[in-house]
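Listed below are the residues making up each chain.
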Amino acid sequence: MSHPAGGGCLFGEGRRTESLVRRILVVGGGYAGFYTAWRLEKKLRRGEAEVVVVDPRPYMTYQPFLPEVVAGSVEARHAAVSLRRNLRHTKLVAGMVTGISHADKTVTIRTASGEESTMTYDVIAVTAGAVTRTFDVPGVAERAIGMKHVEEAVAIRDRLFTAFDEAALLEPGPQRRKLLTVTFVGGGFSGVEGMAELLSLARALLKKYPELSESDLAFHLVEASGRILPEVSDKPGAWVVKTFEKRGAVVHLNTTVTSAADGHVVLSDGSEFDSELIVWTAGNAATRLLRNHTDFPHNERGMVQVRADLRIGTETEVIPDAWAAGDDAAVPDLATGTGYTVPNAQNAVRQGKVLAKNLLRSLRGKPPKNYVHHSLGVIATLGLGSGIFQYKRIVIKGLLAWLMHRGYHVLAVPTWDRKMRVLAIWLVAFFYGRDIVSLASVQSPREAFQSEAKAVADRRMAKQIS
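Since this is a predicted model, take the numbers as computed values, not measurements.

## Topic: the overall build of the protein chain
For step 1, the next point in the chain: The helix and strand tally for the protein chain stands at 14 helices and 25 strands.
For step 2, the next point in the chain: Here the C-alpha radius of gyration of the protein chain, 24 Å, is about what a compact globule of 466 residues would show, namely 23 Å.
For step 3, the next point in the chain: For the C-alpha atoms alone, the extent of the protein chain along its principal axes is close to 80 × 75 × 45 Å.
For step 4, the next point in the chain: Across the 466 residues in the protein chain, those meeting the buried criterion constitute 49%.
For step 5, the next point in the chain: For the protein chain, the share of sequence-separated contacts (at least 6 apart) that also reach a separation of at least 24 residues comes to 68%.
For step 6, the next point in the chain: Here the protein chain has roughly 22900 Å² of accessible surface; of this, 55% comes from carbon and sulfur atoms.
For step 7, the next point in the chain: Within the protein chain, the 48 negative side-chain charges are centred at a point lying 8 Å from the centre of the 58 positive side-chain charges.

## Some points on the domain arrangement of the protein chain
For step 1, the next point in the chain: Split by domain assignment, the protein chain resolves into domain 1 (23-132 + 285-364), domain 2 (134-282) and domain 3 (377-432).
For step 2, the next point in the chain: For domain 1 and domain 2, the distance between their C-alpha centres works out to 32 Å.
For step 3, the next point in the chain: Tallying the contact residues gives 19 residues for domain 1 and 18 residues for domain 2.
For step 4, the next point in the chain: Buried area between domain 1 and domain 2, both sides added, is near 1600 Å², and the carbon and sulfur share of it is 62%.
For step 5, the next point in the chain: It is Pro-67, Val-70 and Thr-132 in domain 1 that bury the most area against domain 2; as a group they hold 39% of the surface buried on that side.
For step 6, the next point in the chain: Where domain 1 meets domain 2, there are one salt bridge.
For step 7, the next point in the chain: The partner of Glu-151 in a salt bridge is Arg-57, with the nearest N and O atoms 3.4 Å apart.
For step 8, the next point in the chain: The interface formed by domain 1 and domain 2 holds four residue pairs in polar contact (both at pLDDT 80 or more) in total.
For step 9, the next point in the chain: Mapped onto the side of domain 1 that touches domain 2, the elements with two or more residues apiece are β3 (59-61), α3 (66-71) and β9 (131-132).
For step 10, the next point in the chain: In terms of residues, the side of domain 1 that touches domain 2 owes the most to one element, α3, which gives six residues.
For step 11, the next point in the chain: Partitioned by chemical class, the residues of the side of domain 1 that touches domain 2 number twelve nonpolar, five polar and two charged.

## Brief notes about the sheet that holds strand β6 (residues 106-111)
For step 1, the next point in the chain: On the basis of which strands lie adjacent, the open sheet formed by eight strands has the order β7-β6-β5-β2-β1-β8-β21-β20 and mixed pairing. Bordering the open sheet on either side are β7 (116-120) and β20 (311-313), each of which pairs with just one other strand. If you compare each strand with its neighbour and ignore which way they point, the axes differ by 45 degrees on average.
For step 2, the next point in the chain: With four bridges connecting them, strand β2 (residues 49-55) and strand β5 (residues 91-101) associate as parallel partners. The partner of Val-52 across the bridge, within β5, is Lys-91.
For step 3, the next point in the chain: Running at roughly 145 degrees to strand β21 (residues 318-324), helix α11 (residues 345-363) makes contact with β1 (22-27), β2, β8 (123-126) and β21 of the sheet.

## With respect to the packing of helix α12 (residues 399-412) against helix α13 (residues 416-432)
For step 1, the next point in the chain: Viewed as axis vectors pointing N to C, α12 and α13 meet at an angle of 150 degrees, and their least axial separation amounts to 9 Å. Compared by their axis directions, α12 and α13 come out roughly antiparallel. α12 and α13 meet at a crossing whose hand is right-handed. Contact with α12, carried on its side by Arg-406, Val-410, Leu-411 and Ala-412, involves Lys-419, Val-422, Leu-423 and Trp-426 of α13 and no other residues of that element.
For step 2, the next point in the chain: Counted by class, the contact of α12 with α13 contains six nonpolar, no polar and two charged residues.

## Focus on the nonpolar core
For step 1, the next point in the chain: Counting 112 residues, the largest nonpolar core has Ile-124, Phe-164, Leu-198 and Phe-244 as the members making the most contacts within it.
For step 2, the next point in the chain: Beyond its immediate sequence surroundings of up to four residues, Leu-198 is in contact with Val-70, Ile-156, Leu-160, Val-182, Phe-184, Phe-219 and Leu-277.
For step 3, the next point in the chain: One finds Val-140, Val-222, Leu-267 and Phe-273 within the second-largest nonpolar core, a separate group that totals twelve residues.

## A few points about the pairing of strand β12 (residues 218-222)
The side chains of a regular strand alternate, first on one face of the sheet and then on the other.
For step 1, the next point in the chain: Judged by how many residues are buried, β12 sits mostly within the fold: five of five residues are covered.
For step 2, the next point in the chain: Residues of β12 alternate between two faces, with Ala-218, His-220 and Val-222 on one and Phe-219 and Leu-221 on the opposite face, all of them buried.
For step 3, the next point in the chain: Crossover connection from strand β11 (residues 181-185) via helix α8 (residues 189-205) to parallel β12: handedness right-handed.
For step 4, the next point in the chain: The pairing of β12 with strand β13 (residues 250-252) spans three bridges and is parallel. When the sheet's bridge partners are listed, Val-222 is paired in β13 with His-252.
For step 5, the next point in the chain: A crossover links β12 with its parallel partner β13, the connecting element being helix α9 (residues 234-246), and its sense is right-handed.

## As for the pairing of β5
For step 1, the next point in the chain: In the sheet, β5 pairs with β6 via six bridges, with the strands oriented antiparallel. Bridge pairing in β6 places Ser-101 opposite Thr-106.
For step 2, the next point in the chain: If you look at the hairpin formed by β5 and β6, you'll find four residues sitting between the two strands, and Lys-105 has a positive phi there, around 55 degrees.

## Structural notes on the packing of aromatic side chains
For step 1, the next point in the chain: One pass over the structure, following the stated rule, counts nine aromatic pairs.
For step 2, the next point in the chain: Centre to centre, the rings of Tyr-31 and Tyr-62 are 6.0 Å apart; their planes meet at 75 degrees, and the pair counts as edge-to-face. With a gap of 31 residues between them, Tyr-31 in helix α2 (residues 31-43) and Tyr-62 in the loop between β3 and α3 connect regions that are remote in the sequence. Side by side, Tyr-31 and Tyr-62 carry an identical accessibility label, which is buried.

## Looking at the pattern of salt bridges
For step 1, the next point in the chain: In total, this model carries 18 salt bridges according to the counting rule given.
For step 2, the next point in the chain: Residue Arg-203 is joined to Glu-214 by a salt bridge in which the shortest nitrogen-to-oxygen separation is 3.0 Å. Residue Arg-203 is found in helix α8, and its partner Glu-214 is found in the loop between α8 and β12; the two are separated by eleven residues along the sequence.
For step 3, the next point in the chain: Overall, the relative accessible area of 45% leaves Glu-214 in the partly exposed class.
For step 4, the next point in the chain: Beyond isolated ion pairs, a larger network of salt bridges with shared partners links Arg-85, Asp-417, Arg-418 and Arg-421.

The rules we used
Residues numbered from 1 in each chain as written. Predicted model: local features only at pLDDT ≥ 70, side-chain atom pairs only at ≥ 80, totals over all residues. Heavy atoms only, no water. Helix = DSSP H or I, 4+ residues; strand = E, 2+ residues; numbered from the N terminus. Rg over C-alpha atoms; globule rule 2.2 N^0.38 Å. Buried < 20%, exposed > 50% of the residue type's maximum accessible area, 1.4 Å probe, protein only. Contact = heavy atoms within 4.5 Å. Areas by Shrake-Rupley, 256 points an atom, 1.4 Å probe, with all protein chains shown as cover. Lys, Arg positive; Asp, Glu negative; His and termini not counted. Charge placed at Lys NZ, Arg CZ, Asp CG, Glu CD. Domains from an automatic or database assignment. Buried area = accessible area lost by both parts, 1.4 Å probe. Salt bridge = Lys/Arg side-chain N within 4 Å of Asp/Glu carboxyl O. Polar contact = N/O pair within 3.5 Å; in protein donor to acceptor, adjacent residues only side chain to side chain. Nonpolar A, V, L, I, M, F, W, Y, C, P; charged D, E, K, R; others polar. Pairing = 2+ DSSP bridges. Axes fitted to C-alpha atoms, helices over the stretch in contact; angles between N-to-C directions. Parallel < 35°, antiparallel > 145°, perpendicular 65-115°, else oblique. Left-handed = near helix turned anticlockwise from the far one by under 90°. Core = buried A, V, L, I, M, F, W, Y, C linked by side-chain atoms within 4.5 Å. Right-handed = clockwise from strand over helix to strand, strands pointing away. Phe/Tyr/Trp six-rings, centres within 6.5 Å; stacked < 30°, edge-to-face > 60°.

Below, the structure is given as structure tokens:
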């Protein structure tokens, strides 16, 4: 499907010219892109349009499960929804869109091999998502890891297991302390849930490591603003902070990381400590594609400027045949009347469904409808058996909120096979506890083979010399 850079086209553009079938190109297979394509498959009439999804990953990540992947409460594959299995009538292109020229309705796609090709379209839906917002802080690029993808969640879990194994061989001291010090940067849902689940796992692991004690653990949460979980009100947020502190964690509010060079974390509040594992979850930023490689309008944060009906454009000007939704789109929030919709799973899923409906209405000559979504409340896991839920003034804490969190997300994760697999894992864990096997070696799968092959080659060379 790919051609050498400079002139290749995908999917036989010449043959397509003879057809009257319109091509809807969906850029990105995340929440918004997956649900757009999934709904279009169900509603499009035969021959009405073809749908193409371009994404470098063959799956959609169900991000609310990533904290539980970190803790081993959900298997990594169960947090990933296969695009090819579920989008059976959609053409899937495994590649990354590196440029969009809407003036001539062409995108440039780079495959995993590095080759580039172009593809034309009739209608485009930009659902490329966002990337983790980073800053030019010394050491962050070399030491930190994000928590936006399944691979990252698995790596975080395996790094903790590796740290426990190494620390158990050391005498108490700075090196052991560094190995068992974890730092989360960012007090939004990803940072709070990720740290809560990893802290819960770490405390449970102590039972399997008699050489270590709770005093060896150190967890830090660093947040630049004066509170965590901005979508909940002040008192519930303060309760979460106290919950962390009761478990021995330290929450640094109104604080930023000024350096993480060589794992030595320096904070703006004057704190300094060594940390082997640094997880960066400090919000979202627009992708480089949207900031630099499209001819679409964008706001000051680099997000695509979108109208309330999800068409790209402003209140006074609409760009024909161009739509956007999800974390990369600045969608006006009609529910509150102020600002833009929050970039979270609730909005991305629902925007994807509305985008599919509006694409169908547009194809059939009907006007699109505005996206309006009133929040169903916010819910977060705070480790095994604890959570928090808030809907307006109603606040539920502890075990009930944790059960509500699990119930909501097992209903929300798409496809029945994923629901059943997750439920099965939870049921097994209820009787037998978490699986604490580390598979850190999968990140370098050829190491053992290469080591043995090198030893054989060395013996051969030694014989030849002798």
